[in-house]
Amino acid sequence: MRKDVRILLVGEPKVGKTSLIMSLVSEEFPNVVPYRAEEITIPADVTPERVPTHIVDYSEAEQTDEQLFQEISKANVICIVYSVNNKTSIEKVTSHWIPLITENTDKDSRVPLILVGNKSDLVEHSSMETILPIMNQYSEIETCVECSAKNLKNISELFYYAQKAVLHPTGPLYCPEKKDMKPLCVKALTRIFKVSDLDNDGILNDNELNFFQRTCFNTPLEPQALEDVKNVVRKNLNDGVCDNGLTLKGFLFLHTLFIQRGRHETTWTVLRRFGYDDDLELNQDYLFPPLKVPPDCTTELNHNAYLFLQSIFDKHDKDRDCALSPEELRDLFDVFPYMPWGPDVNNTVCTNDQGWITYQGYLSQWTLTTYLDVQRCLEYLGYLGYSIIAEQESQASGITVTRDKKIDLQKKQTQRSVFRCNVFGDIGCGKSGFLQAFLGRNLMLHEVFPDFDYLSDADLACDIVCLVYDVSNPYSFDYCAKVFKQYFTDSKTPCMIIAAKSDLPEIKQMYGCSPLEFCRRHRMPPPQSFTCNTAAAPSRDIYTKLTTMAMYPHVSQADLTTSTFWLRASVGATVFAVLGFTMYRVLLKQR
Ligand code: GDP
Ligand code: MG
């Protein structure tokens, strides 16, 4: 919303512009007025909309055309004043003032106009009959009002309408020619409806309506008022109310009605509450609330955010098969301006037999986004209406920023539940199979290009490293040994060697020592045999070990080789098994 409002009064001489301003300020009719009133500023706390408001007078006798044009271009709203007992002053509205204003304002940002018929105390009849055709002709005219500076009739109303025209413009919401809401407004209200339809049945029931009312207006709706609203819709539409709740059609109809009755501030309140700005775009402040992530800290979703995401999943998993069909997924992301998850997501998280993202896969992808790109996560939560539905300050309150990893190492414990494992290995050594097996698949789906001459700091910043070699390829271990020696000999990051394709006959590696000997020398646990070429689901044992090593990096490599440690630690690690599945994409060092 705007921070202040500038109102300009124009019109023929002697129609009473200066008197109107003086009457407003002194609350009595001044018998003598100057040609032009000084610019006045009404402080925020005495205006109905609580924004400082400047009121600017114009006088042909005191000001040049140039000065007038300047004032017109500075104004947020212009009141064209005429005198109800003076025909010429009415004619000049269309023959002179409206064209003059159009010429001196930016075409894209039309200033709203208000037609003001002053001196209503002097006539019996109303000027409305003459004015209404003008209003219908010019869509920039927000409203018209008859008033009297002399007996103070409608004076404060006039300035309130002017303020409202700026703060709650009808322009972006409504097309007067078509007598209907504009497409962007319909789009925004449709998103709001979908976010508020907590059970996704296409109807806002009493509970949902009350919640909506409370979030937007801070007060619940009285049961009778709720019935009245529904009755209005029933009377006008036959499919606006269904099962005693409001359909999207009914919801849109209500807002059209608000706008047509001049209560468009109601619609604006709703739109702003759901994050929209004056152009009906989602605010950057709303989408990206401030969140500080110091270096060496990572980002995770907290319990509250997971509960919210769970409810979003539930409401879209209509057939209750714990997976999102392409159609269900599209419906879930319908409140987004674009589809955030491409087909690649299906390859990186758990899916069901049909290749649809499962509940676990869905949460994993969220965990991953939060870990890798927290700004994006904030944005996505914003589209879903997290702060509104979960009744939080902003999306930032759904994020836990973990403490510095160095402190974890010092204290030998961690509260983190998401860890990053980078997987290195020569071409064709079985990395993708290793990663896909993690998702319970036996298939190889990804080609990973290893080129360790170009490892960036980001590539190396992880919680655990996996070095994969192929037992059937005698040259593949050499790659692992080189990566280890070049990057990880002195690093604090634990490393694990994976002997992949263990179903094939083992061939002696062409390297100075055997992989087992290499591990012993560098105080690493022995190579872990792995194959995804099994009829059964591949063993998950290695993944538990990886998670454990990531969680307890301080435990010496020698300790890690003893079975008692594994027994102890794996109890803790299985707790993280669910979140652990997230590790897939994190695991995958795709280059
Ligand atoms: P301006 O030139 O548009 O600023 O008009 P003024 O404020 O100077 O008013 C012109 C004349 O109209 C003055 O004599 C005012 O007293 C008179 N006037 C202004 N408003 C009213 C009104 O509401 N009723 C009546 N009867 N006279 C008014
Ligand atoms: Mg004047």
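Reading guide: rules and limits
- Residues numbered from 1 in each chain as written.
- Chains lettered and ligands numbered in written order.
- Predicted model: local features only at pLDDT ≥ 70, side-chain atom pairs only at ≥ 80, totals over all residues.
- Heavy atoms only, no water.
- pLDDT = per-residue confidence, 0-100.
- Contact = heavy atoms within 4.5 Å.
- Buried < 20%, exposed > 50% of the residue type's maximum accessible area, 1.4 Å probe, protein only.
- Helix = DSSP H or I, 4+ residues; strand = E, 2+ residues; numbered from the N terminus.
- Donors = N, O, S within 2.8 Å, 3.2 Å for Na, K, Ca; no water.
- Phe/Tyr/Trp six-rings, centres within 6.5 Å; stacked < 30°, edge-to-face > 60°.
- Pairing = 2+ DSSP bridges.
- Axes fitted to C-alpha atoms, helices over the stretch in contact; angles between N-to-C directions.
- Core = buried A, V, L, I, M, F, W, Y, C linked by side-chain atoms within 4.5 Å.
- Domains from an automatic or database assignment.
- Near = heavy atom within 4 Å.
- Polar contact = N/O pair within 3.5 Å; in protein donor to acceptor, adjacent residues only side chain to side chain.
- Areas by Shrake-Rupley, 256 points an atom, 1.4 Å probe, with all protein chains shown as cover.
- Nonpolar A, V, L, I, M, F, W, Y, C, P; charged D, E, K, R; others polar.

Draft legend 1. Structural context of the confidence of the model for the chain. In this model, the chain carries an average pLDDT of 88, and 90% of its residues clear a pLDDT of 70 or more. Throughout residues 445-449 the model reports pLDDT below 50, and contacts reaching past four residues in sequence, or to other chains, amount to 18 contacts. Of the regions scoring below 50 in pLDDT, residues 565-591 engages in 77 contacts with residues more than four places distant in sequence or in other chains.

Draft legend 2. Up close: helix α10 (residues 264-273). Along α10, eight of the ten residues are buried, which leaves the element largely enclosed by surrounding structure. All of the buried residues in α10 are His264, Glu265, Thr266, Thr267, Trp268, Val270, Leu271 and Arg272. Contacts from the buried residues of α10 go to β6 (141-146), α5 (155-167), α6 (183-196), α7 (206-217) and α9 (248-260). A positive backbone phi angle near 100° is found at Gly275, which sits one or two residues after α10.

Draft legend 3. Focus on the coordination of the magnesium ion (ligand 2). The protein atoms that coordinate the magnesium ion (ligand 2) are Thr18 (OG1) and Tyr35 (O), at distances of 2.0 to 2.1 Å. Of this pair, Thr18 sits in helix α1 (residues 17-26) while Tyr35 sits in the loop between α1 and β2 (40-42); the two residues are 17 residues apart in sequence, bridging distant segments of the chain.

Draft legend 4. Representation of the packing of aromatic side chains in the model. As enumerated under the stated definition, the model contains 25 aromatic pairs in all. Here the aromatic rings of Phe212 and Phe251 are separated by 5.5 Å at their centres, their planes lie at 75°, and the arrangement is edge-to-face. Of this pair, Phe212 sits in helix α7 while Phe251 is found in helix α9, placing the two residues 39 residues apart along the sequence. With a relative accessible area of 6%, Phe212 lands in the buried category.

Draft legend 5. Structural detail: the sheet that holds β6. Read from one edge to the other, the open sheet built from six strands follows the order β2-β3-β1-β4-β5-β6, with strand pairing classed as mixed. Sheet topology places β2 and β6 at the edges, where each strand pairs with a single neighbour. Looking at each pair of strands side by side, their axes are set apart by 20° on average, direction ignored. Across five bridges, the pairing between strand β5 (residues 113-118) and β6 is parallel. Looking across to β6, one finds that Leu115 is bridged to Cys144.

Draft legend 6. Local environment of the nonpolar core. Tyr362 and Trp366 are the most contacted members of the largest nonpolar core, which totals 66 residues. A per-element tally of this core places helix α16 (residues 374-384) first, with seven residues. Of the residues that make up this core, three or more belong to each of domain 2 (177-281) and domain 3 (286-411). Aside from chain neighbours lying at most four places away, what touches Tyr362 is Leu309, Ile312, Phe313, Leu324, Leu332, Trp341 and Ile357.

Draft legend 7. Representation of the sheet that holds strand β9 (residues 203-204). Taken in spatial order, the three strands make up an open sheet running β9-β11-β10, and their pairing is antiparallel. Lying at the two open borders of the sheet, with one neighbouring strand each, are β9 and β10 (241-242). Here two bridges tie β10 to strand β11 (residues 245-247), and the two strands are oriented antiparallel to one another. Residue pairing across strands places Cys242 opposite Gly245, the latter belonging to β11. Contacting β9 and β11, α9 runs over the sheet at an angle of about 85° to β11.

Draft legend 8. View of the site of ligand 1. Taken together, 16 residues form the shell around ligand 1, and within it Lys14, Thr18, Ser19, Asp121 and Ala149 come nearest. Within the backbone of Val15, an N or O atom sits 3.3 Å from an oxygen atom of ligand 1. Residue Lys17 places a main-chain N or O atom 2.8 Å away from an oxygen atom belonging to ligand 1. Contact with the protein chains hides 83% of the accessible area of ligand 1, taken as 570 Å² for the molecule alone. In terms of residue class, the shell around ligand 1 is built from six nonpolar, five polar and five charged.

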